[in-house]
Number of protein chains: 2
Amino acid sequence: MAGGIGSRFWPLSVPQYPKQFIDILGCGKTLIQMTVDRFQGICPMENFWVVTNEKYVDIVRAQLPEIPVGHILAEPSARNTAPCIAWACRMIHESDASANVVVTPSDAIVMDVPEFRRVISGALDFTADSDAIVTIGIRPSRPETGYGYVECAQSACPGSEIRKVLAFKEKPCAQVAAEYVSKGNYLWNAGIFVWNVKTISESIRRYEPQIAGIMDLIAQGGNVQELFPQCNKISIDYAVMEPASLAGNVYTFPADFGWSDLGNWASLYDRLDHDAHGNAAVGNVHLYECSDCVVHTASATKVVLQGLDGYIVSEKDGQILVCRRSEEQRIRDFSQN
Amino acid sequence: MAGGIGSRFWPLSVPQYPKQFIDILGCGKTLIQMTVDRFQGICPMENFWVVTNEKYVDIVRAQLPEIPVGHILAEPSARNTAPCIAWACRMIHESDASANVVVTPSDAIVMDVPEFRRVISGALDFTADSDAIVTIGIRPSRPETGYGYVECAQSACPGSEIRKVLAFKEKPCAQVAAEYVSKGNYLWNAGIFVWNVKTISESIRRYEPQIAGIMDLIAQGGNVQELFPQCNKISIDYAVMEPASLAGNVYTFPADFGWSDLGNWASLYDRLDHDAHGNAAVGNVHLYECSDCVVHTASATKVVLQGLDGYIVSEKDGQILVCRRSEEQRIRDFSQN
C-alpha cells in the first residue's frame, strides 16, 4: 500500500512526492525501497504488488524497477485501505488462487529485519492452510496514543507464538494507553496483515459485498477509472478485521522487531542518530548551540543553524519549515496556508 | 565601487554573487541598480564607471546594460579602495581632464533620494573649480560604533553648507561614539567622495606615488593582470583623505538623506517594514508566533516559521541560515566552516 500523501512531514513530504518515496532516514534508500528489501527471501520480486495513487505510478516504477509494471495498480482516487486491498487481492487471486499474502504499508520502518522475516514467515505458515487472518501486533515500548491496539488472548495457540485476537481498540487516551501497556496482552496494530487469498476474498465478499461486487466488474474488464471511485471509502480494519474478530477468525503474532510507522517528527527523531546535544540531522547541516532539534534537508547544499532548542527544521525543493517540536501537529495546516 | 564580497549576509550574499547585486530590500531592484538610479539627473549613463572584481563583470553588464562595457573596470584582485579609485579616475582623466567626479559605494541605501541629489549637486558645485575634496558626512542618528566619523568645523564656509574637515576618526567605542554624537560636529563617514579629476589625480600622485606609477603604466597599455595586483593594498581614507585633511584640503557636506550602508542584518532590519510583532520579512514567508525576526529568502518558494523570537533567517540557492540576531557577527565564520 503506497497511496498516502504524508502531509505531516511537509515540506519534506509533499502531495506530489510523499513520504514513502523519500529517503527519510538519510540512508540512501526510500521507505518503499526498504519495505521491499525487507521481504527478501520471503517474496520474489515478480510476486510484489503495489497499490498507489495514479499520480505516483511513475515514482514507483522508477524506485522499484524490478516489480512487474502490471503489478502496479493505479487508484484513480483514494478510497481508504479496504478497496485497495480488495483490488490487489483480487488481482493476485486471478493469477494464483492459492496464494498466501502479506499486506503492508510502504512507509513504516523496521530495525530488526531478520526478526521481521521470522515473524512474517511464521504468520505465513499459520495462514497457508487455514482461513485465519493474522495481524502483526507490536509489543508496545511506551503508552503511545497515536496507534490503535489489538487485545489478544493471554496465551498462544498450541505450538505457536500466535494468539487469538479478542478485540481491536481505537487510539486510546493517555490513561487508557498506560493501562493497555501494563496489561501485557495489548499490542500496537501495525497494519500488517497475513492471510491466504481465498480467506481475504471470502471475507470481503461477506463483510463488504459492495466492494466485492465492484471488484468483480473490474476483474471482468470494467473501467477502473469509473468503477474504483464508487467503492465504499472504508478501512480494512472496520470493513473486515473487526467483524472477522467477532467471528473468532483473527489472530496476532506478538512481535518486537523495532517497528515504527514514522507517522510524525517525534517518531522520526527517535529513529535517527543523535549528537551529544540531542540533535538528529539528515543533510549537510552545521549546528551551533542547538539542542534537541530534528533537521531534515533534502535539497539544500548547506544549512547552518544556531541557537535553536527543540525545533523541527525541514527543507525540500525550495520550501522551508522551522517549527517548535511541540507544535508539529500544526504542520499540515502550515503547509496549506 | 562594486568589488565587495558581502560575507556578512551569507547565504543571501555569497562571494560568487555578493550583496551589491542582490535585491536585498525585496523592492525589485538590486543595490547597485538603486545606486545608479540615485544619480538620475546628475550623471548620464555614459558617464558611469564601475570598478569591480573581474568575476563580477558579467553580473554588472547584466544588471546595468546601459553603462558602456568599456567603463566596467575588472580588478584582477582586491587591493582596497585607493587603487580602485585611482584606476577609475585615471580612466576618466584620459577622456575628460576637467571631469568632476563622485565616488560611491554600490551597496548602501538612501531613503531620501531628492535630498541626496541636492547634496551631491552642491558638493559638485563646490569642487568644480577648486582643488577641494568633499566627503559626504551623515548626521548621526545614534552612537553607532560600526562607522568611522568625520570631525568638521563648527561653522560652514561662507554662503555654503560645506564645512572644513578637521580630522578623520576610526570606528569608536560606545562611550566615544556617544561623545561624538553629543558634540554635533562629528558625522558618519559614508565613503562618498566628490572631487574633480585633476584634484584626485594630483592627490594620488602626491600621497601614493607607488599607485600613481602603476596607473601610468596601465594608461600606457600595460598589462592590468600583472600590474594592478602590485598596487599597495590601502584604503582611500588612509592613502589620501587623512594626509589631505592635515593639509587643510578636505571638506564635508553634512547631510541627512536616510543613508545606511546595510553593513549588517541589524541595519537591514531597521530599513525593512515590520509587522505588528516586529518581524521584517522579504519573500513568501509565513510567520506564526514569531517576533523581532529578520527573514530574507531569495530562492525559496514558501517558508513557514513558527515560534522564533529574535532570529535571522536567510536563504538563497539551497543554502540556509537560522541564527540569533545577537550572534550575527559569527555569520562569516558560519559561511566558511
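To keep things clear, this report deals only with the structure shown in the data block. (Residues numbered from 1 in each chain as written. Chains lettered and ligands numbered in written order. Predicted model: local features only at pLDDT ≥ 70, side-chain atom pairs only at ≥ 80, totals over all residues. Heavy atoms only, no water.)

### A closer look at the overall build of chain A
In terms of regular secondary structure, chain A is built from 11 helices and 16 strands. For 337 residues, the compact-globule estimate of 2.2 N^0.38 gives 20 Å, and the C-alpha radius of gyration of chain A, at 21 Å, lies within 12% of that figure. Overall size of chain A, expressed as C-alpha extent along the three principal axes, is 60 × 45 × 35 Å. Within chain A, counting contacts between residues at least 6 apart in sequence, those at least 24 apart form 62% of the total. (Helix = DSSP H or I, 4+ residues; strand = E, 2+ residues; numbered from the N terminus. Rg over C-alpha atoms; globule rule 2.2 N^0.38 Å. Contact = heavy atoms within 4.5 Å.)

### Brief notes about the sheet that holds strand 12 (residues 285-288) of chain A
On the basis of which strands lie adjacent, the open sheet formed by six strands has the order 12(A)-14(A)-16(B)-15(B)-13(B)-11(B) and mixed pairing. The open sheet has two edge strands, strand 12 of chain A together with strand 11 (280-282) of chain B, and neither has a second partner. Going from strand to strand, the sheet's axes swing by 5° on average, the running direction of each strand aside. In this structure, strand 12 of chain A lies alongside strand 14 (residues 302-306) of chain A, joined through four bridges in parallel fashion. When the sheet's bridge partners are listed, His286(A) is paired in strand 14 of chain A with Val304(A). (Pairing = 2+ DSSP bridges. Axes fitted to C-alpha atoms, helices over the stretch in contact; angles between N-to-C directions.)

### Describing the pattern of salt bridges
Residues and elements named next belong to chain A. Enumeration over the complete set of coordinates arrives at 24 salt bridges over all chains. Here Arg 142 and Glu 144 are joined by a salt bridge, their closest N and O atoms 2.9 Å apart. Its relative accessible area of 17% is what places Glu 144 among the buried residues. A salt bridge links Glu 202 to Lys 198, with the nearest nitrogen and oxygen atoms 3.7 Å apart. Of this pair, Glu 202 and Lys 198 both sit in helix 6 (residues 197-207), four residues apart, roughly one helical turn. Taking the relative accessible area as the measure of exposure, Glu 202 reaches 39% and is therefore partly exposed. (Salt bridge = Lys/Arg side-chain N within 4 Å of Asp/Glu carboxyl O. Buried < 20%, exposed > 50% of the residue type's maximum accessible area, 1.4 Å probe, protein only.)

### Here we look at the relation of the copies chain B and chain A
The transform that puts chain B on chain A rotates by 180° and translates by 0.1 Å along the axis, for an RMSD of 0.1 Å. Put plainly, the chains are arranged around a two-fold axis. Within chain B, the C-alpha atom positioned nearest to the axis of rotation is that of Gly318(B), 3.7 Å from it. When the interface residues of chain B are mapped onto chain A, 100% of them again fall at the interface, so both copies present the same face. (Least-squares fit on C-alpha atoms with pLDDT ≥ 70 in both.)

### Side note on the packing of helix 6 of chain A against helix 9 (residues 236-246) of chain A
All names here are of chain A. Closest axis-to-axis distance for the helix 6/helix 9 pair is 10 Å, and the angle between their directions is 100°. On the basis of their axis angle, the class for helix 6 and helix 9 is roughly perpendicular. Residue-level contacts link Ile 200, Ser 203, Ile 204 and Tyr 207 of helix 6 to Ile 236, Ala 239, Val 240, Pro 243 and Ala 244 of helix 9. For the contact of helix 6 with helix 9, the class distribution of residues is eight nonpolar, one polar and no charged. (Parallel < 35°, antiparallel > 145°, perpendicular 65-115°, else oblique. Nonpolar A, V, L, I, M, F, W, Y, C, P; charged D, E, K, R; others polar.)

### Remarks on unusual backbone geometry
The linkage connecting Trp10(A) with the following residue, Pro11(A), adopts the cis geometry, with an omega of 0°. Its location among the elements puts Pro11(A) in the segment before helix 1 (31-37). With phi around 50°, Glu289(B) is a residue other than glycine that occupies positive phi space. For Glu289(B), a relative accessible area of 49% corresponds to the partly exposed category.

Geometric values such as these leave the question of function open.
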